[in-house]
Amino acid sequence: MLPEPPPLQPLKTPLGCDTFVSYPPTTPHGIAVFGKNSDRPSGETQSIQRYPARRYDNDSTVKCTYITIPQAKQTHAVLLSQIDWMWGAEHGANEHGVVIGNEAVWTKVNDDLCTKRLLGMDLVRLGLERGSCAKESLEIITELLKVHGQGGACAQDDDSFVYHNSFLIADCKEGWILETAGRHWVAKRINKGARNISNVLTIRTDYDLSSDGLIQYAHENKLYKDNDTTCEKLDWALCFGDGCVEECNSPYSRQSCGAKLLRKYDNSQKMDEKAMMGILKSHDGICMHGGFETTTAMVSVLRLDGEHAHWMLDRPHPCKNDFIAQSVLSEGQ
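The rules behind these values
- Residues numbered from 1 in each chain as written.
- Predicted model: local features only at pLDDT ≥ 70, side-chain atom pairs only at ≥ 80, totals over all residues.
- Heavy atoms only, no water.
- Pairing = 2+ DSSP bridges.
- Helix = DSSP H or I, 4+ residues; strand = E, 2+ residues; numbered from the N terminus.
- Contact = heavy atoms within 4.5 Å.
- Axes fitted to C-alpha atoms, helices over the stretch in contact; angles between N-to-C directions.
- Buried < 20%, exposed > 50% of the residue type's maximum accessible area, 1.4 Å probe, protein only.
- Parallel < 35°, antiparallel > 145°, perpendicular 65-115°, else oblique.
- Left-handed = near helix turned anticlockwise from the far one by under 90°.
- Nonpolar A, V, L, I, M, F, W, Y, C, P; charged D, E, K, R; others polar.
- pLDDT = per-residue confidence, 0-100.
- Disulfide = S-S within 2.5 Å.
- Phe/Tyr/Trp six-rings, centres within 6.5 Å; stacked < 30°, edge-to-face > 60°.

Caption draft 1: Molecular detail of the sheet that holds strand E9 (residues 91-94). Overall, antiparallel pairing links the eight strands, which are arranged E3-E8-E9-E10-E11-E12-E13-E15 in an open sheet. Whereas interior strands pair on both sides, the edge strands pair on one side only; in this sheet they are strand E3 (46-51) and strand E15 (209-210). As defined by bridge partners, strand E12 (residues 175-181) adjoins strand E13 (residues 184-190) across seven bridges and the pair is classed as antiparallel. What sits directly across from Leu 178, in E13, is Ala 187. Taken strand by strand, helix H2 (residues 134-148) contacts strand E10 (99-105), strand E11 (164-170), E12, E13 and E15, and its axis lies near 10° from that of E12.

Below is the structure:
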């Protein structure tokens, strides 16, 4: 008798977040549901913060976590889950019903990530403060990425903890998965069904938008083996990801665990805030405990009629705590 094969093992220790979005027919008609768990070093604190809409002079600047950049003429009111030592946010919403969450991703691009530039969390806040719809926030983030780049320590007491970012940007009509590597990126539109992102590049050749010069960069840096630099698309996750294809194919990966939880609601029209909260509370690879733990979480229901609703946690472990309803605007705004 042949010996039984050894059991499959997880490919990597999970060190990050999980972000989800659902559209009809997973949700009822006219409704989108968004959720995110923020996983950070144990003991790091986040606060729920609101910043009002403001107008600025033409020469105004804004100091982000590490660098100062030109300020927009107008910013929108925002609701943020803000790491206490950081200018940016893990996730949040704005007054126009745009929501954004980011993920750490590790890629093959070596662009000196220790150099202080914009953090992914800075880009979350900038996208919310400046974008009035998901597509506009996507365009704002990618332009800032092109101009300023991304980099700098992502933990207060660990300068070696650096990474590139992916984002899930959504409004009531459509969502965008934006995955980055250095200053390059691809984006995929979502307007039906459900998707999740979890610390790994997921987009293959099915992207809708990409950065200028992407294929040329991949060819010059030996990330793309096809000699034809005039072709229209490449396999993003395979070329730029650090083990991303294998990670996505593993049933133990965070990406696979999140996708499995979403599939329970396929075509059901039953995904709502309670169902999303249940996913974020799940110990099937989502709600994390230990040295890296789920420190905060957020759920949003975005409606075509504009009656958006948001719930947040300001403490660790969704499995142990109730989400609290939040508004983007403070009293009197």
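Caption draft 2: How the structure looks around helix H6 (residues 254-263). When you tally the buried positions in H6, you get eight out of ten residues, the bulk of the element. Those residues of H6 not exposed but buried are Arg 254, Gln 255, Ser 256, Cys 257, Gly 258, Ala 259, Leu 261 and Leu 262.

Caption draft 3: Geometry of the packing of helix H1 (residues 120-130) against H2. One way to put it is that H1 packs onto H2 with a least axis distance of 8 Å and a crossing angle of 135°. As summarised for this structure, H1 and H2 are arranged oblique, according to the angle between their axes. Seen from above, H1 lies across H2 with right-handed handedness. When H1 is examined against H2, the residues Leu 123, Leu 126, Gly 127 and Arg 130 are found in contact with a partner set consisting of Glu 136, Ser 137, Ile 140, Ile 141, Leu 144 and Leu 145. Residue classes in the contact of H1 with H2 are distributed as six nonpolar, two polar and two charged.

Caption draft 4: Molecular detail of the pairing of E10. Among the seven residues of E10, seven are classified as buried, and the element is accordingly described as predominantly covered. Here E10 shows no split at all, with Val 99, Gly 101, Glu 103 and Val 105 on one side and Ile 100, Asn 102 and Ala 104 on the other all buried. Bridge analysis of E9 against E10 gives three bridges, and the strand direction is antiparallel. Bridging from a neighbouring strand, His 91 pairs with Gly 101 of E10.

Caption draft 5: Focus on the confidence of the model for the protein chain. For the protein chain, per-residue confidence averages 91 on the pLDDT scale, and 93% of positions sit at 70 or higher. Overall, residues 1-14 carries pLDDT values under 50, and its contacts beyond four positions in sequence, including any with other chains, amount to eleven contacts.

Caption draft 6: Up close: the side chain of Ser 166. In this fold, Ser 166 is placed in strand E11. For Ser 166, the residues in contact, after removing those within four places along its chain, are Gly 101, Asn 102, Glu 103, Val 105, Leu 178, Glu 179 and Ile 197.

Caption draft 7: Summary view of the state of the cysteines. For the structure on display, the rule yields zero disulfides. Cys 172 takes part in no disulfide bond, and the closest cysteine sulfur, belonging to Cys 133, lies 9.9 Å away.

Caption draft 8: Local environment of the packing of aromatic side chains. The final tally for this structure, using the stated rule, is five aromatic pairs. Ring geometry for Phe 161 versus Phe 292: centroids 5.7 Å apart, planes at 70°, classification edge-to-face. With a gap of 131 residues between them, Phe 161 in the loop between H2 and E11 and Phe 292 in strand E16 (residues 292-303) connect regions that are remote in the sequence. Judged by its relative accessible area of 18%, Phe 292 falls in the buried class. A centroid spacing of 6.2 Å and a plane angle of 15° characterise the contact between Tyr 217 and Phe 240, whose relative ring orientation is stacked. Within this pair, whereas Tyr 217 is found in helix H3 (residues 214-220), its partner Phe 240 is found in helix H4 (residues 236-240), the two being separated by 23 residues in sequence.

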